Every structure is written in C-alpha cells, then in structure tokens.
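# Per-entry structural report
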Amino acid sequence: MISLRSKTTAGATAALVAVGALALTGGAAAAPDSPGEPRYTAGDPGAGDDYFPYSGNGGYDVQHYDLDITYTPPDPAPAPVEGQLDGIATIDLVATQDLDRFNLDLRGLEVRSLSVNGKPATAIEPPDPDVEVEGAAYWQVQDDDARIWELTVQPRPKIKAGESVRLVIEYGGTTTRPRDIDGFLYGWVTTRDGAMVVSEPEGAMTWYPVNDHQTDKATHSFEITVPEGKVAVANGLPARDPETSNGWTTWYWDAPDLQATYLTTASVGDFDLRETYFSSSGVPIIDAVDTKLTTNALNTTNNSLALQDDMIDLFEALFGDYPFNSYGSIVDNDSVGYALETQTRPVYSGVAREGTVAHELAHQWFGNAVSPERWHSIWLNEGWATYAEWLWNDHQGVESAQEAYNDWYAPDRTPSYWEFQIGDPGPHGLFNGQVYDRGAATLHALRVEVGDDAFFAGARLWLERYNDSAATSEDFQAVYEEVTGEDLDWFFQIWLWDQVKPPATWTL
Ligand SMILES: [Zn+2]
C-alpha cells in the first residue's frame, strides 16, 4: 500500500475479545482409542495473528477459490451508494487436522446455502458452545463492535486430516463502504460507478467467504457479471472473452499464482482496457483506466504507466524475474485515499503517479510473492516498496538512494518520532509513515553495512526461499546472516526495536 493518509502514531494492540459462540471447545471431541485414531476438534477461529485475532482460521488449507459474483452498482445520485452482490463461492480445501467444525471469515453478507462435498448443511442460529449440534450445519457471528465476523461450518460426516473438501457457498447482500480498524475505507468499497476492491489487511471477508490471512495463499478464478457497459477487472489474465446477454456482461479472470487474500481484487467500473506486455519477458500487461479521469490525472497516469516496462527491467535486474503471470494497473477516478498492490494488478485512487507505480510494482516481489507471516513484519512490505522508489529515482538520475537516506536522516525530529518501533508497529501503526521511511532507511543502512553484493544477493535469496509463502523479520535477518556470515542482531536491534535515532554510521 502507499498512503495518501497522514496517519497517527501506533496505538494499543487489539484486544482479544472472547465471545461465547466462538469458544469452540468442549462436547465435540472424541477421545482417541489409540494414537493415530481420528480426534475430531474444532478448527481455530483465527490464524494466530495477534493484531487481528479473528482474521484467518485454523484446521485447513485452501487450495482454490472460484468466485461467481453478480454485482449491481448503485443507482445514480441521490440514491445511496449501495450495491447488490450475489455470489457463489466454490472453495477447495484440505483439512490439516481431524475437523469436527471449522470457520471461514465473512463480513456483512449473508450465507443463503452451504454444502460440503455436495451435501447440504442446515442454517442455524449460533449455538450454545456447550451443546452439541446434531447433523451438518452452519452459522454466522457478525459482531461489528468486537470486529468478529465468522462463518462456522459443521460438516457431517466429520473431516479427517488430509481429506479434500469442496464447499459451495451461496451468499450475498447489500454492499456499502466498509472500514478498517482505523476507519479507512477498504474491502469491497462500493462506488457510484461500481466498486474499488482493496482489502489490506483483512478486508477480503467483506466480499467472499475466505480464510482471510496471508499464511493461507490460494489460487483464484472469477466470473463477474455486471450490467452491460461496466467492466470487471480481477487478478491474473482473462480466462476467455466476456459474454453479454440480456443486458448483463460476464467477465472471466483466472489467477493461477498463489495469492494472499488481501491481494485479491475484482474492481468494477467504467474502464478502458489496454493490453501491452513487458518487452523483456513478454508477460502481458493489462491496464484498466477509468474513462472519467480528469485530463490532468489521465496525462499523469499515462506517463507513469508507460514507465512500467522500464521499471520492470530495473527491478528484474536487482531482484530476479517478475514472479507472476501478468501485470497491469487499475486506475479508478474514485478514491479510497491510497493505492494497493493487489496481486498482478494494483489499484490506484484517482491518479497513478510515477513513484507510486514503482512502489506497487516492487510490492509484487516484496509483499506479494513473499508476504509477512504476521502483520508485525509489515515493514518488510513497505520498507522494500519505499526503498524501490528510492532505487528507481536513483536509476532515473533524480536523487541517489544515499541522498534519499541522508534527507530522511538529517532533519531534527522530536524524540517521539524516533520512539516508533517498526518491528512491532501495532495494528493501528501498520501504515504509519515510519514503517515506510524508517523501513526504507533500514534497508539502505543494511546495504551500506554489508555492501552491494551481499545486499542484493540477500534480497534474491529471501525471494527465492520464501516465494509463494510468508516469512518474518527474524527469517529476514537469518537470510542476511547466512549471506554475510555475520551476527546481525545488533543491526536489527537498532533499526527495528531501539526507540531512538540510529547512529550516524550509515550517513555518507
Ligand atoms: Zn506499499
């Protein structure tokens, strides 16, 4: 993400709120007769990320989401900015424990029917956790105040570890303009002409039933039906040509690369689609540019998007091959106040500026191919993407990366500025400017410390080792210790944890 927001400093960490209906223990587990016998228990209602305790779930690994969505954008003003979304999600997953029941995340939309391996389950009210529910069933908890949105599935027969399961979930409802933990728009953001879909950190659940955490990456395919004349743009490549009948057009997209759920998009609007390709590798580029951009925004956007091909040359030279099957940008005249690096197809608010385009492209390596295993480690996303902007400016002769570092380091700042810990920014500090700026400075200081060869070798090793998965700050440090053969505890202590200005060692 790159923020147009002026964010506040880090706040308190999210409170873990216990809710009776989610206390998924007791009653259901059968004592095993011997080791290796099935022991059916409930999957955890969270992925274990303490910034967002009920984001993601345990007990299974999603392989693929097939999303068949019909979407009606709002009527013209003065009608409310509300849309109608009707979906069928077909979700293929593999159990990682013997499951009595398990959860998905779904916020603000209602499940209308649900089947497990073709067998329908019954909709019920959230049950008393101490009372066993008979038969196959599902229920939803929607607690906006506690930020708990869970869909619980009780399959019958129960699911053994290693078993493949297909869920078919019909769902839908009115779409509005969801807000993240700090009150910023995210998820399926209804716009007057469609929807801007930007889900970091846990907004995918506002538009499909999902295991909404980056530790469970999956492939996605999309059939998005919208009123004729609207364009729906998702991740990856068109699976086939759009089809129109009776005033509705269905757009087909296929995203065969593993993808974190916060990076999924299916934006809808009045877009011009433009196809080109990276001249180095032939990877297709599909840009979607809102037909209603102002002349100024369109000119700026066109100039920036024309540079994507040069940017990829630079980043491939530094970081290795572009990691996915396609690229392109969605530039919407609507604004959520920021841009997001949705996988293979970033979304821009109002205009795509050159620095932002470099930033979101760099995220395809840093954040998308390798994601933060816990949201604590978001500096690995934003520090790298910001440093890539510095590298791009250096390449273009605008300003060297060292000058950018010096410009950040030199000014007198208040002690409170230096207190922010980028290693643990808190859920309210994910998009604090320090995560970006001190994050980039950390990487530049590391480069000065270990030298160019080790620095870029470390970047490539990091990307290679954790490609298609997720890793932590500790994993990152370990990669650089491996490459250099040095203990770097002291370095990362200064940059990620010490709450004072780093020493002038790296100012050249
Ligand atoms: Zn970013």
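As the structure is a prediction and not an experimental result, all values here were calculated from the model.

Within the open sheet, the 5 strands sit side by side as β2-β5-β10-β9-β8. Their pairing is mixed. Two strands close off the open sheet at either side, each with one partner strand: β2 (41–42) and β8 (122–123). Bridge count for strand β9 (residues 137–143) against strand β10 (residues 148–154) is 7 bridges, and the pairing is antiparallel. Each bridged residue has a counterpart across the sheet, and for Ala137 the counterpart in β10 is Gln154.

Within β9, 5 of the 7 residues are buried, leaving the element largely enclosed by the surrounding structure. Here β8 runs beside β9; their pairing, made up of 2 bridges, is parallel. Counted as the bridge partner of Ala123 is Tyr138 from β9. What sits between the antiparallel neighbours β9 and β10 is a turn of 4 residues, in which Arg147 has the positive phi angle 55°.

A cis amide bond links Ala77 to the next residue, Pro78, at an omega of 10°. Inspection of the secondary structure puts Pro78 in the loop between β3 (60–72) and β4 (83–95). Following Arg156, the chain continues to Pro157 via a peptide bond in cis, the omega torsion being 5°. On the secondary structure map, Pro157 appears in the loop between β10 and β11 (164–175). One non-glycine residue, Asp468, lies in the positive phi region at around 65°. In this fold, Asp468 is placed in the loop between α8 (452–465) and β25 (469–471).

In this structure, Asn368 sits in the loop between α3 (354–363) and β24 (370–372). On the basis of relative accessibility, which here comes to 0%, the residue Asn368 falls in the buried class. Here the alpha-carbon distance between Asn368 and Ala470, two residues 102 residues apart in the chain, equals 8.9 Å. Apart from the residues lying within four places of it in its own chain, the contact partners of Asn368 are Lys217, Leu263, Phe324, Glu341, Thr342, Gln343 and His363. Engagement of the side chain of Asn368 in a polar contact is seen with the backbone oxygen of Glu341, the distance being 2.8 Å.

Counting 147 residues, the largest nonpolar core has Leu167, Trp207, Phe315, Phe319, Trp384, Trp462 and Phe476 as its most contacted members. Apart from the residues within four sequence positions on either side, Trp207 is in contact with Leu67, Ile69, Leu85, Leu109, Tyr171, Trp188, Val197, Ser199, Phe222, Thr264, Thr265 and Ala266.

Next up on the list: the sheet that holds strand β20 (residues 284–290). An order of β19-β20-β21-β23 is seen for the 4 strands of this open sheet, with the pairing classed as mixed. One side of each edge strand has no neighbouring strand; the edge strands of this open sheet are β19 (271–277) and β23 (347–349). Neighbour-to-neighbour, the strand axes of this sheet turn through a mean angle of 15°, independent of strand direction.

Looking now at helix α1 (residues 295–306). Over its 12 residues, α1 runs 16 Å from end to end, which matches the ideal 16 Å to within 8%, given 1.5 Å per residue. By the burial criterion, the buried members of α1 are Ala297, Thr301, Ser304 and Leu305. On an axial view of α1, the arc spanned by its buried residues comes to 95°, and they lie on one face. Across from the buried face of α1, at angles greater than 90 degrees, the exposed residues are Thr295, Asn296, Asn303 and Ala306. Buried residues along α1 sit against β19, β20, α2 (308–319), β21 (330–332) and α3.

Owing to its 3.6 residues per turn, the α-helix aligns residues three or four sequence positions apart on the same side. Every buried residue belonging to helix α10 (residues 489–497) is among Phe491, Phe492, Ile494, Trp495 and Leu496, and all of these are buried. Residues of α10 that are buried sit in contact with α4 (379–395), α5 (401–409), α7 (433–450) and α9 (473–484).

What the rule picks out here adds up to 13 salt bridges. Residues Asp290 and Lys292 are paired through a salt bridge, measuring 3.4 Å at the closest nitrogen-oxygen approach. Lys292 sits in the partly exposed class, given a relative accessible area of 39%. A salt bridge links Glu482 to Arg465; the shortest N-O distance between them is 2.8 Å. Note that Glu482 is positioned in helix α9 and Arg465 in helix α8, a separation of 17 residues in sequence. Classification of Arg465 by relative accessible area gives partly exposed; the value is 41%. Linked through salt bridges whose partners overlap, the residues forming this network are Asp193, Lys230, Asp270, Asp290 and Lys292.

Moving on, we get to the packing of α4 against α5. Put simply, α4 and α5 touch, their axes get as near as 8 Å, and they point 130° apart. The orientation of α4 relative to α5 falls into the category oblique. Across the interface between the two elements, Tyr387, Trp390 and Asp394 of α4 pack against Ala401, Ala404 and Tyr405 of α5. When its residues are assigned to classes, the contact of α4 with α5 shows 5 nonpolar, no polar and 1 charged.

With 93% of its residues at a pLDDT of 70 or more, the protein shows a mean pLDDT of 94. When the criterion is pLDDT under 50, residues 5–21 qualifies, and its contacts beyond four places in sequence or with other chains add up to 37 contacts. Scored below 50 in pLDDT, residues 23–30 makes 17 contacts in the model with residues more than four places away or belonging to other chains.

When you line up the elements, Thr191 lands in strand β12 (residues 187–191). The class for Thr191 is buried, based on a relative accessible area of 2%. The contacts of Thr191, once residues within four sequence positions are left out, are Pro74, Val81, Arg177, Met196, Val268 and Asp334. Looking at Thr191, its side chain comes within polar contact range of the side chain of Asp193, at 3.1 Å.

Now for the packing of aromatic side chains. Inspection of every chain in the model, using the stated rule, returns 41 aromatic pairs. Seen from their ring centres, Phe319 and Phe366 are 4.8 Å apart, and the 90° between their planes marks the pair as edge-to-face. Taken together, the positions of Phe319 in helix α2 and Phe366 in the loop between α3 and β24 put the pair 47 residues apart, joining distant regions of the chain. Looking at Phe319, the relative accessible area reads 3%, which means it is buried. Using a relative accessible area of 1% as the deciding quantity, one classes Phe366 as buried. Ring centres 6.3 Å apart and planes at 55° place the aromatic pair Trp408 and Tyr409 in the tilted group. In terms of burial, Trp408 and Tyr409 fall into one category: buried.

Reading the values: rules and limits
Residues numbered from 1 in each chain as written. Predicted model: local features only at pLDDT ≥ 70, side-chain atom pairs only at ≥ 80, totals over all residues. Heavy atoms only, no water. Pairing = 2+ DSSP bridges. Helix = DSSP H or I, 4+ residues; strand = E, 2+ residues; numbered from the N terminus. Buried < 20%, exposed > 50% of the residue type's maximum accessible area, 1.4 Å probe, protein only. Contact = heavy atoms within 4.5 Å. Polar contact = N/O pair within 3.5 Å; in protein donor to acceptor, adjacent residues only side chain to side chain. Core = buried A, V, L, I, M, F, W, Y, C linked by side-chain atoms within 4.5 Å. Axes fitted to C-alpha atoms, helices over the stretch in contact; angles between N-to-C directions. Expected span 1.5 Å × (residues − 1). Arc of directions from axis to C-beta. Salt bridge = Lys/Arg side-chain N within 4 Å of Asp/Glu carboxyl O. Parallel < 35°, antiparallel > 145°, perpendicular 65-115°, else oblique. Nonpolar A, V, L, I, M, F, W, Y, C, P; charged D, E, K, R; others polar. pLDDT = per-residue confidence, 0-100. Phe/Tyr/Trp six-rings, centres within 6.5 Å; stacked < 30°, edge-to-face > 60°.

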